[in-house]
Amino acid sequence: MPRKRRFAPILPLLLGSFIVIAACTRPAPSPPTPTSGPDRWLFTSIAGGTNVVGGQSYCEQHGGATLRCRQTPAGLLRLEVDGVGGNAYAVWRMDLPEPAANAGDFQALGLRIREMEGVLPYLYLIDQDGVRAYVALLDYLIRRPDAASQDWSDVIVPLVWFADGEGRHPDLNRLAEFQIVFQWQPMAGTLEVDDVRFIHHVQWPLATDAVVPTTIQLPPGFEATVYAAASGLKSATTITWGPDGHLWLSQQNGNIWKIVDTDGDGRGDRALLFAAGFTELLGILWHPSDGTLYASSRSRITALWDEDGDGRADRQAVLVDELPWGRHQNNSLAWGPDGKLYFPLGSTGDASPETEALAASILRMPHLGSRADIEVVATGFRNPYDLAFNARGDLFATDNGPDTVDGPDELNHVLPGRHYGYPEAFGADDGGGRFQTPIWNFVNHASADGLVVYEADGFPADYRGNLFVALFGNLFGERVVGREVWRVIITPEGDTYRAWAEPFMSGLERPLDVTVGPDAALYVLEHVSGTVYRLVWRG
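Criteria and cut-off values
Residues numbered from 1 in each chain as written. Predicted model: local features only at pLDDT ≥ 70, side-chain atom pairs only at ≥ 80, totals over all residues. Heavy atoms only, no water. Helix = DSSP H or I, 4+ residues; strand = E, 2+ residues; numbered from the N terminus. Buried < 20%, exposed > 50% of the residue type's maximum accessible area, 1.4 Å probe, protein only. Phe/Tyr/Trp six-rings, centres within 6.5 Å; stacked < 30°, edge-to-face > 60°. Lys NZ or Arg CZ within 6 Å of the ring centre and 35° of its normal. Disulfide = S-S within 2.5 Å. Pairing = 2+ DSSP bridges. Axes fitted to C-alpha atoms, helices over the stretch in contact; angles between N-to-C directions. Salt bridge = Lys/Arg side-chain N within 4 Å of Asp/Glu carboxyl O.

Participant: Any chance you could explain unusual backbone geometry here in plain terms?
Facilitator: With the exception of glycine, the majority of residues adopt a negative phi angle, and the majority of peptide bonds are in the trans configuration. Going from E98 to P99, the amide bond is cis rather than trans, its omega being 5°. Tracing the sequence through the fold places P99 in the loop between β5 (77–95) and β6 (108–117). Positive phi values are uncommon outside glycine, yet E280 reaches one of about 50°. If you trace the backbone, E280 turns up in the loop between β17 (270–275) and β18 (283–286). Given a relative accessible area of 10%, E280 falls into the buried group.

Participant: Got a minute to help me understand the packing of aromatic side chains in this structure?
Facilitator: How two aromatic rings sit relative to each other is set out by the distance from centre to centre and by the angle between their planes. Inspection of every chain in the model, using the stated rule, returns 31 aromatic pairs. For the pair F459 and Y463, a centre-to-centre distance of 5.7 Å together with 85° between the ring planes defines the contact as edge-to-face. Since its relative accessible area comes to 5%, F459 is described here as buried. Counting every residue linked through ring pairs, the aromatic cluster contains F222, Y454, F459, Y463, F468, F504 and W537. Here R93 stacks its cationic end above the ring of Y58, 4.0 Å away from the centre of that ring. A cation sits over an aromatic face here: R298 above W325, 4.1 Å from the ring centre.

Participant: I would appreciate a short explanation of the state of the cysteines in the present structure.
Facilitator: Such a bond, covalent and formed between the sulfur atoms of two cysteines, is termed a disulfide. Within the structure shown, the criterion is met by 1 disulfide. One disulfide bridge connects C59 with C69, the sulfur atoms lying 2.0 Å from each other. Negative torsions about the S-S bond denote left-handed disulfides, and the value of about 80° found for C59 with C69 makes this one right-handed. In this pair, C59 sits in strand β3 (residues 57–62) while C69 sits in strand β4 (residues 66–71), placing the two residues 10 residues apart along the sequence.

Participant: What should I look at first to understand the environment of W161 in this one?
Facilitator: Among the structural elements, W161 can be located in the loop between β10 (153–158) and β11 (175–199). Taking the C-alpha atoms as reference, W161 lies 36 Å from F396; in sequence the two are 235 residues apart.

Participant: I would appreciate a short explanation of the sheet that holds strand β34 (residues 511–516) in the present structure.
Facilitator: Within a sheet, adjacent strands bond to each other through the backbone by hydrogen bonds, running parallel or antiparallel. An order of β13-β36-β35-β34 is seen for the 4 strands of this open sheet, with the pairing classed as antiparallel. Either end of the sheet is taken by a strand with one partner, and the two such strands are β13 (222–228) and β34. Taken pair by pair, the neighbouring strands of this sheet meet at an average axis angle of 25°, ignoring direction. In terms of strand pairing, β34 meets strand β35 (residues 522–526) through 5 bridges, oriented antiparallel. Directly across from P511, in β35, lies its bridge partner E526.

Participant: I'm lost on the pattern of salt bridges in this one. Help?
Facilitator: Pairing between side chains of opposite charge can happen when the charged atoms of each approach one another. What the rule picks out here adds up to 34 salt bridges. Here K258 makes a salt bridge to D244, at a shortest N to O gap of 3.7 Å. Taken together, the residues K258 in strand β16 (residues 256–260) and D244 in the loop between β14 (236–241) and β15 (247–251) connect sequence positions 14 residues apart. Ionic pairing is found between R382 and D350, a salt bridge with its closest N-O pair at 2.7 Å. One end of the pair, R382, is in the loop between β25 (375–379) and β26 (384–389); the other, D350, is in the loop between β23 (341–345) and β24 (361–365), with 32 residues separating them in the sequence. A relative accessible area of 1% means that R382 is categorised as buried. Here D350 falls in the buried class, since its relative accessible area comes to 9%.

Participant: So what exactly am I meant to see when it comes to the sheet that holds β24 here?
Facilitator: The 4 strands lie next to each other as β22-β23-β24-β25, forming an open sheet whose pairing is antiparallel. Each having just a single partner strand, β22 (334–335) and β25 make up the two edges of the open sheet. One ladder, built from 5 bridges, connects β23 with β24; its direction is antiparallel. Looking across to β24, one finds that Y342 is bridged to R364.

Rendered as structure tokens:
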């Protein structure tokens, strides 16, 4: 067996450590369905629990492990395993003859399972050259937080994530076997499988009955509804509207989804997977006119295209690679009035001198540019997370304060060529006139992140030009700070602005991003559950 590949927990997103929290919405899971072109079933209980693509299935045990593979009266595959650990392992495997050997036109591998008790299986795809690529099933399990083991759950693995211990990917056009493997750690238990299939286009049904938690509070006259909610959208990082009029959502695990409101009722009802395979994906942004989608993932800026119009990215190019990262990385994306792409790049440390030339800065580059085209706009930021331009063409940025020393989270008006203090000064400390100070300081550790300027006409007139900031909240300490969306009113003053801020939306779990829709509503993204709220003015 190959060396075990350790899957690191989600790395620090904002402050320094990350805690996985149970999702707050609980829609019943439903199996993804294809949108264009059929899925290819490899095994299904509907066919009486047989390998529906031909070939053979095998039940194997090694090194003292035991595995019993049997078919239930309902046609399910039931795997009962014992004695796994160390060199003892067990395998259920099936041959993939043609045409099942060719999965090049499929997006994902899907399983429908239940009764997973006491086992942590791995899924393998082995190609005809012997590359043994695998993933941990648990990393891709989609289930309700309150689901019992006997409830059906889905496992959806974008094929791009299958790799061996050396990072090699299988040849998806020349596969030989699919395997469910019980290995490495001690385990004994059961797993029932209803079906195994290659999915042509992953499409996730969104919950139609999700309601706004009673904890959420808004100013009088405003109303919140759930725009999108599904168990499969957790750990969401960014929402943005595309030129097609649809909302797009990214997940930290590297998925990019298109949210579709098919009946026009102001509520998304389908999520379609556009692309996957990015590491720590924190920003996505469409070019306004030429069909390019940008993705900001750890150390990279990537451009993607759907050239055949089937709703799936079929071409991508890494425009910028090997950006410095450590405690932080490159975050969001924004188009400037100069037509250039702006993106913030966090510091590599918490509050220590920065040794990387581009880190702790706000950068820009031309459309479809390269690393050689990058310009530093301003520097001295610890972790500038999101950017937004107002109607005057002025740039604003949120910035996360330090974890280990006292310092506020900031909202900055970004002036070209200025230094904003990091790592020497935070908040109102201007370093004796050497540093530009924030226009607003949020409480320490509030984690000021998502940012948008409201330039629409759906809210009262005095909201136009206001900024909205998502405060993700502290990860340490007993006193809860943040976990709100704040409204910031700005007024020009000299070459910068003065600001006044107040809470706008409270009672949230972990708000991470905000955006304004073509309907003039404000949309708020909850990171943990992936729930998107739609806020409108009712008067």
